[in-house]
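So you can see what is in the structure, the chains are spelled out below.
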Amino acid sequence: MSKLALYGGKPLLDYWPKELFHWPIVNDAMREAQLKVLESGNMSGTNISRQFEEKFAQWHGVKYALSHNNGTSALMSAMYGVGLGPGDEVICPSVTYWASCTSALTLGATIVFCDINEKDLQIDPASFEAHITPRTKAVIVVHYLSHPADMDAIMAIAKKHNIKVIEDVSHAQGGHYKGRMLGTIGDVAGMSLMTSKSFAIGEGGMMITNDPEIYRRAISLGHYDRMPEVFSPEELKDTNQLPYGGFKFRMHQVSSAIGLEQLKKYEAETAEVDQAMKYFWQGIKDIKGFRLIYPEDEGSDKAGWYASRAGYDPECFSGVSNEVFAKALNAEVGLVFFPGGNFPLHKSELFYTKDVFGHGKPTAKVHLPDGVDPRELTGELPVASKINGLLLGEPPFKKFDKKLIDIYVDAVYKVVENHQDLLRESKEEAGGNVALSRRKK
Ligand SMILES: *Cc1c(COP(=O)(O)O)cnc(C)c1O
């Protein structure tokens, strides 16, 4: 048994294999496309963005795609699109990136968090249903870490209670649920296309829907120049064609040009990611204490494997925490193993007591009836509260290079075999759990 690199042993890898993890993959077509926009004198136009929207909509088989400057604004448009407003509640799983839901506060709504399933890390349909009140207008379903949420169950509950479904596809572009593309199952979807995501175009976001009214409302929030296309002159008369939202959400055309090129190669690239990730998993699947988190339904997948996490059971490793375990792994092969997932949002006072806009009371309570407390609406969320200690990231392989991937498999075995040595490592020394969002941005 060779000594762990963490304690002075020889690391299994002594260089950074850039190609194995480099993302996005940039080709000549992308270089040329963005130069063309740069030289066209029309970087702030919409002609290229409209082409990107058309192809993006075709890819998903939906009527409308509306490009945005980022995913945060695409999601805000989706929320405004379904009519979310003052006094409404929107339900969101606690374990996600803040931008899944935080814009709801700006719209005057209250965010109510529900729990996730430990098994697949997705929104727990039973917890979603338990958080519904007469004021619930919408639910935000995040396909978290590329895994599709249980859409059949969610759609049935939403239908029963007349609730709009917004999908956040920022982690799962091109992914499927039982053969259907993610983002096409609910009423509307918003997604980020920023550089760290699987479908990477720089800064950008997309909203997709089949509902003309959602599309129209989204345009009126942040796309002033397009309002005459979806509103009659009569409708626009009293506001002189000004946008209702006071926002400008237009995508940069260099991003759109890159997006058009990404569309041509994205499925082939993510197929290779899939192959590489599955090969790595095959290598470690017999180790007790690790659990692959992958959809079991036929026709479901994890396109892109964005920031994928495996289940990690500290009990199987004499109580060694996922943070210490990851630290030992990273000492062997470089910084590719991350413990935990996103900070559970329901632990933040932003959603309970913070007065963001100077109303003289908590923003989350401004439009709620007296005596209704957002903290009580959310309540205890046991899985979201403990999940970060039970996850370990798989290295985000982008290339199917067996020989190199085998080294990462060996690293896992080496740390497993020597895990008793790690018992002396304290949590503090491991540097604590850094939120996924902070590492990614
Ligand atoms: C990245 C991300 C967003 C926000 O997208 P931006 O393009 O960064 O504005 C929203 N939701 C989730 C789940 C994300 O990971």
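All of the points below concern the structure found in this document. If you're wondering where the values come from, they're calculated on a predicted model, not measured in any experiment. (Residues numbered from 1 in each chain as written. Predicted model: local features only at pLDDT ≥ 70, side-chain atom pairs only at ≥ 80, totals over all residues. Heavy atoms only, no water.)

**Focus on unusual backbone geometry**
Then comes step 1: With an omega dihedral of -5°, the bond running from tryptophan 23 to proline 24 counts as a cis peptide bond.
Then comes step 2: With respect to the helices, strands and loops of the structure, proline 24 is situated in the loop between helix H1 (18-21) and helix H2 (28-40).
Then comes step 3: Phi at lysine 178 is positive, roughly 45°, even though this residue is not glycine.
Then comes step 4: Its place among the elements puts lysine 178 in the loop between strand E6 (176-177) and strand E7 (180-181). (Helix = DSSP H or I, 4+ residues; strand = E, 2+ residues; numbered from the N terminus.)

**Looking at the pattern of salt bridges**
Then comes step 1: With the rule as written, the count across this model stands at 19 salt bridges.
Then comes step 2: For the salt bridge of glutamate 229 with arginine 50, the shortest nitrogen-to-oxygen distance reads 2.9 Å. Separated by 179 residues along the polypeptide, glutamate 229 in helix H9 (residues 227-230) and arginine 50 in helix H3 (residues 47-60) bring together distant segments of the chain.
Then comes step 3: Between lysine 119 and glutamate 296 there is a salt bridge, with the nearest N and O atoms lying 3.2 Å from each other. Pair noted here: lysine 119 is in the loop between strand E3 (110-114) and helix H6 (125-130) and glutamate 296 is in the loop between strand E10 (290-291) and strand E11 (309-312), with a separation of 177 residues, a long-range link. (Salt bridge = Lys/Arg side-chain N within 4 Å of Asp/Glu carboxyl O.)

**As for the sheet that holds E10**
Then comes step 1: Strand order in the open sheet formed by three strands is E10-E11-E12, and the pairing between neighbours is antiparallel. Looking at which strands have only one partner, the edges of the open sheet turn out to be E10 and strand E12 (391-393).
Then comes step 2: Pairing between E10 and E11: two bridges, direction antiparallel. When the bridges of E11 are listed, arginine 291 appears paired with glycine 311. (Pairing = 2+ DSSP bridges.)

**Structural notes on helix H8 (residues 212-222)**
Then comes step 1: In terms of burial, H8 is largely enclosed, as eight of its eleven residues are buried.
Then comes step 2: When H8 is considered as a whole, its buried residues turn out to be Ile214, Tyr215, Arg216, Ala218, Ile219, Ser220, Leu221 and Gly222.
Then comes step 3: Each element contacted by the buried residues of H8 is listed here: strand E1 (64-68), helix H4 (71-81), strand E8 (188-192), strand E9 (205-209), H9 and helix H10 (233-237).
Then comes step 4: The residue sitting at the N-terminus of H8 and contributing the capping side-chain oxygen is aspartate 211; that oxygen lies 2.8 Å from the backbone nitrogen of glutamate 213. (Buried < 20%, exposed > 50% of the residue type's maximum accessible area, 1.4 Å probe, protein only. Contact = heavy atoms within 4.5 Å. Polar contact = N/O pair within 3.5 Å; in protein donor to acceptor, adjacent residues only side chain to side chain.)

**So, a nonpolar patch on the surface**
Then comes step 1: A cluster of nonpolar side chains, Leu35, Leu38 and Met43, forms an exposed patch at the surface whose accessible area comes to about 250 Å².
Then comes step 2: Tracing the backbone through its elements, the reader meets leucine 38 in helix H2. (Patch = residues over 30% accessible without salt bridge, like charges linked within 9 Å, V, L, I, M, F, W, Y side chains within 5 Å. Areas by Shrake-Rupley, 256 points an atom, 1.4 Å probe, with all protein chains shown as cover.)

**Some points on H4**
Then comes step 1: Where burial is concerned, most of H4 is hidden: ten out of the eleven residues are buried.
Then comes step 2: By the burial criterion, the buried members of H4 are Gly71, Ser73, Ala74, Leu75, Met76, Ser77, Ala78, Met79, Tyr80 and Gly81.
Then comes step 3: A distance of 3.2 Å separates the backbone nitrogen of threonine 72 from a side-chain oxygen at the start of H4, and that oxygen is part of asparagine 70.
Then comes step 4: Taken from the residues just after H4, glycine 83 is the one with a positive phi, measuring 95°.

**Quick word on the side chain of serine 100**
Then comes step 1: Assignment of secondary structure puts serine 100 in the loop between strand E2 (89-93) and helix H5 (103-106).
Then comes step 2: The exposure class of serine 100 is buried, given its relative accessible area of 2%.
Then comes step 3: Those residues within four positions of serine 100 in sequence are excluded, and the remaining contacts are Leu75, Met79, Cys92, Ile140, Val142 and Asp168.

**Details of the nonpolar core**
Then comes step 1: Judged by nonpolar contacts, the single largest core of 50 residues is most densely connected at Ile111, Phe113 and Ile166.
Then comes step 2: Looking at this core, the elements with two or more residues in it are H4, E2, H5, E3, strand E4 (136-142), H8 and helix H14 (382-386).
Then comes step 3: Residue contributions to this core peak at six residues, all from H4.
Then comes step 4: When sequence neighbours within four positions are dropped, the list of residues in contact with phenylalanine 113 reads Cys92, Pro93, Ser94, Cys101, His131, Leu345, His346, Phe351, Tyr352, Thr378 and Leu381.
Then comes step 5: Val139, Met181, Leu182 and Met206 belong to the second largest nonpolar core, which has 47 residues in total. (Core = buried A, V, L, I, M, F, W, Y, C linked by side-chain atoms within 4.5 Å.)

**Points about the pairing of E9**
Then comes step 1: Of all five residues that make up E9, five are buried, and the element is covered over most of its length.
Then comes step 2: The two faces of E9 match: Gly205, Met207 and Thr209 on one face and Met206 and Ile208 on the other face are all buried.
Then comes step 3: As paired strands, E1 and E9 are joined by five bridges and run antiparallel to one another. Within E9, the residue paired with histidine 68 across the bridge is glycine 205.

Everything listed is a geometric property; what it means functionally is a separate question.
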